[in-house]
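# Results of the structural survey
Each chain, letter by letter, is given below.
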Amino acid sequence: MATASEPRWRRLEPDERKEQIFACAAHLFGERPYPDVSTSDIAASAGVARGLINHYFGTKRELYLEVIRRAITMPMPEVGGLGDGPMPERAHRLIDWFLEMVVNQGKVWLVATSDGMSSDRDVEQIIVEAERTSADRILDVLEIPAEHPARPTLNALVRSYAGMVKAAGREWLLRQGLERPQVHTLLYQSFLTLIEEVFPAVVDAKIAT
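Right, let's walk through the structure included here. (Residues numbered from 1 in each chain as written. Predicted model: local features only at pLDDT ≥ 70, side-chain atom pairs only at ≥ 80, totals over all residues. Heavy atoms only, no water.)

### Topic: the overall build of the chain
Within the chain, the secondary structure is distributed over 10 helices and zero strands. Seen in sequence order, the chain has helices and strands lined up from the N terminus as α-α-α-α-α-α-α-α-α-α. Across the 209 residues of the chain, 38% fall into the buried class. The contacts in the chain between residues at least 6 apart in sequence include a share of 66% that link residues at least 24 apart. For the chain, the exposed area adds up to about 11400 Å²; of that, 54% sits on carbon and sulfur atoms. (Helix = DSSP H or I, 4+ residues; strand = E, 2+ residues; numbered from the N terminus. Buried < 20%, exposed > 50% of the residue type's maximum accessible area, 1.4 Å probe, protein only. Contact = heavy atoms within 4.5 Å. Areas by Shrake-Rupley, 256 points an atom, 1.4 Å probe, with all protein chains shown as cover.)

### Considerations on unusual backbone geometry
Although it is not a glycine, Glu143 sits at a positive phi angle of roughly 60 degrees. Within the element layout of this structure, Glu143 appears in the loop between helix 8 (121-141) and helix 9 (151-173). Of the residues examined, Glu143 reaches a relative accessible area of 58% and is grouped as exposed. Positive phi values are uncommon outside glycine, yet Gln176 reaches one of about 55 degrees. Locating Gln176 in the fold gives a position in the loop between helix 9 and helix 10 (180-208). Residue Gln176 is classed as exposed on the basis of its relative accessible area, which comes to 57%.

### Points about the nonpolar core
Ranked by internal contacts, the top residues of the largest apolar core, which has 31 residues, are Leu187, Phe191 and Phe199. Among the elements of the structure, helix 6 (87-105), helix 7 (107-112), helix 8, helix 9 and helix 10 are those that each provide at least two residues to this core. Per-element accounting of this core gives the leading share, nine residues, to helix 10. The contacts of Phe199, once residues within four sequence positions are left out, are Leu139, Leu142, Ile144, Leu154, Leu157, Val158 and Leu194. In this structure, Ala43, Ile68, Val108 and Ile126 belong to the second largest nonpolar core, which totals 28 residues. (Core = buried A, V, L, I, M, F, W, Y, C linked by side-chain atoms within 4.5 Å.)

### Observations regarding helix 1 (residues 14-31)
Taking 1.5 Å of rise per residue, the 18 residues of helix 1 would be expected to cover 26 Å, and the 26 Å separating its terminal C-alpha atoms lies within 8% of that figure. For helix 1, every residue scored as buried is listed here: Arg17, Gln20, Ile21, Phe22, Cys24, Ala25, Ala26, Leu28, Phe29 and Gly30. Lining the buried residues of helix 1 we find helix 2 (39-46), helix 3 (50-57), helix 4 (60-72) and helix 7. (Expected span 1.5 Å × (residues − 1).)

### Concerning the pattern of salt bridges
According to the stated counting rule, one finds 13 salt bridges in the structure shown. With its nearest N and O atoms 3.2 Å apart, the salt bridge here joins Arg151 to Asp136. Of the two residues, Arg151 sits in helix 9 while Asp136 sits in helix 8, which places them 15 residues apart along the sequence. Overall, Arg151 belongs to the buried group, its relative accessible area being 7%. The class for Asp136 is partly exposed, based on a relative accessible area of 29%. Residues participating in the shared-partner salt-bridge network are Arg61, Asp120 and Asp122. (Salt bridge = Lys/Arg side-chain N within 4 Å of Asp/Glu carboxyl O.)

### Some thoughts on the side chain of Ser134
By secondary structure assignment, the location of Ser134 is in helix 8. For Ser134, a relative accessible area of 11% gives the class buried. A polar side-chain atom of Ser134 sits 2.8 Å from the main-chain carbonyl oxygen of Ala130. With residues up to four places along the chain from it excluded, the contact list for Ser134 reads Ile72, Thr73 and Met74. (Polar contact = N/O pair within 3.5 Å; in protein donor to acceptor, adjacent residues only side chain to side chain.)

Here it is as C-alpha cells:
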C-alpha cells in the first residue's frame, strides 16, 4: 500500500504497479473473508482504477488464487547463502529464512494454510502443486539431483514434514502456543533428523529394491 514517503499518484513501471496491486490484495484478503473484499476495495487501497486489476490479474477470484499460490509456494532460496557450510549450519539458516518469509507475508499465510482451504477444488489443486514445488526447491538447496531415483520419495517426505511446519507456524502466529525460538528449534531439529537419518535410510531402501 502507498505510504507517506511514496505518493499514491507516483508513476510506477508496470511490474511495480502490478506488485503494488498484488500486495494490497494480499493484505486485504489476509484481513477479511474473501466475499468481503471487492475489486473496488483493492483498487482504492492501491490507488488505481479498477480496470487495472482486471488488466493485470483478470477477475477477483483469479487474483485471490494467485495470492494463495504465492503465499504457500516457497520461493527459491538464495542457494549461495544457504548452501555453504556444514549441514547443521545450512539447516539453521534455511529454517530462519523460512520463518522470516512467513512473518513478512502477514496474515495471508494463515489464511492460505487454514484447514478449510482444501474444500475449494481450485485452491486444493494450488495447494498440491505448491507443496510439490516447494519440496523440490528444498531438495535443490540440498543438492539432490533431479534424476536421483529416490527423488520422488524424498519429495513426498519433505511434503510430509511441511504438514508439521504449517501446524507449528499456526501455533506460533495464531494460537500463541509457541514462540519463534521454540518453533525454530522444533523445525530445525526435525529437519536435521529428516535429512541426516530418514533420507539416507529411504535412499538405501530405494537402491536395494
